[in-house]
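So you can see what is in the structure, the chains are spelled out below.
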Amino acid sequence: MADTHVLFVEDDDVIREATQLALERDGFTVTAMPDGLSGLEAFRAQQPDIALLDVMLPGMDGVSLCRRIRDESTVPVIMLSARADSIDVVLGLEAGADDYVTKPFDGSVLVARIRAVLRRFGHASGGAGAGADAVPGDGEGGVLTFGELVVDTEGMEVRKAGEPVALTPTEMRLLLEFSAAPGTVLSRDRLLERVWDYGWGGDTRVVDVHVQRLRTKIGQDRIETVRGFGYKLKA
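Okay, so let's go over this structure.

Parameters at a glance
Residues numbered from 1 in each chain as written. Predicted model: local features only at pLDDT ≥ 70, side-chain atom pairs only at ≥ 80, totals over all residues. Heavy atoms only, no water. Core = buried A, V, L, I, M, F, W, Y, C linked by side-chain atoms within 4.5 Å. Buried < 20%, exposed > 50% of the residue type's maximum accessible area, 1.4 Å probe, protein only. Helix = DSSP H or I, 4+ residues; strand = E, 2+ residues; numbered from the N terminus. Contact = heavy atoms within 4.5 Å. Pairing = 2+ DSSP bridges. Axes fitted to C-alpha atoms, helices over the stretch in contact; angles between N-to-C directions.

### Quick word on the nonpolar core
And then number 1: With 51 residues, the main nonpolar core has Leu-53, Met-79 and Phe-178 as its most contacted residues.
And then number 2: Broken down by element, the residue count for this core peaks at 6 residues, all from helix H8 (residues 205-218).
And then number 3: Residues in contact with Phe-178, not counting those within four places in the same chain, are Leu-186, Leu-191, Val-211, Leu-214, Ile-223, Tyr-231, Lys-232 and Leu-233.

Set out below in structure tokens:
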């Protein structure tokens, strides 16, 4: 993690400075910015490995900043929200964030979330071990076909009706889980554990929003909701 570059955008001086010091003690390189516009400039200039964005920012709020980043990159994004029940959490996830952490947060929890997201990013981007525990090699050359949807589990590519589908690493990881067990209902808790690397109870809104985002890209009817249980990929 020593070479991991974190962009941290937070307008509270105390939180920004304390969190930057904590992350640097854990070996991260940190660029800390006080507002959304400077955060966007830093993102474009430095191309960090991961972005931590406070929801409430002056100039350009964190949700808008996340959306601008997602328009340009698949770099992982974690939103920081002062309220776990805030609509801002859902808006951030819908804008393309991979996860969120509620303030005030423990430094060790934040570091654990960052590392979990980066592991997921590496797997879904074709890094070492990509998809090794997500999709069995039962397709020809690692290519699985579900109607007009084609998932290349080795090349980490997805096509719908012959056209490439651009997925974020988290969306790709989620699709790999569904592709590994088509027709099988996967609970939200299982998806939180397998995709988000949560070894404890997490917020199922993260799953729900990402499933909806995935549906918009691969087809609304491809992933079925099984009320009271979870989701399944139609074989």
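### Structural notes on the pairing of strand S10 (residues 223-226)
And then number 1: Alignment of S10 against strand S11 (residues 230-233), held across 4 bridges, turns out to be antiparallel. Looking at S11, one finds that Ile-223 is bridged to Leu-233.
And then number 2: Where S10 folds back on S11, the antiparallel hairpin that results is connected by 3 residues, among which Gly-228 adopts a positive phi of roughly 85°.

### Here's the deal with the sheet that holds strand S6 (residues 143-146)
And then number 1: Taken in spatial order, the 4 strands of this open sheet run S6-S7-S8-S9, and their pairing is antiparallel. Because the sheet does not close on itself, it has two edges, and the strands there are S6 and strand S9 (163-164).
And then number 2: Across the sheet, helix H6 (residues 169-180) touches S6, strand S7 (149-152) and strand S8 (157-160), and the angle it forms with S7 is around 105°.

### Here's the deal with unusual backbone geometry
And then number 1: For the bond running from Lys-103 to Pro-104, omega is -5°, close enough to zero to count as cis.
And then number 2: Here Pro-104 is to be found in the loop between strand S5 (99-102) and helix H5 (107-124).
And then number 3: With phi around 50°, Gln-47 is a residue other than glycine that occupies positive phi space.
And then number 4: Relative to the helices and strands, Gln-47 resides in the loop between helix H2 (36-46) and strand S3 (50-54).
And then number 5: One non-glycine residue, Ala-161, lies in the positive phi region at around 55°.
And then number 6: Note that Ala-161 resides in the loop between S8 and S9.

### Focus: the environment of Asp-61
And then number 1: For Asp-61, the position within the fold is in the loop between S3 and helix H3 (62-72).
And then number 2: With 26 residues separating them in the primary sequence, Asp-61 and Asp-35 have C-alpha atoms 7.9 Å apart.

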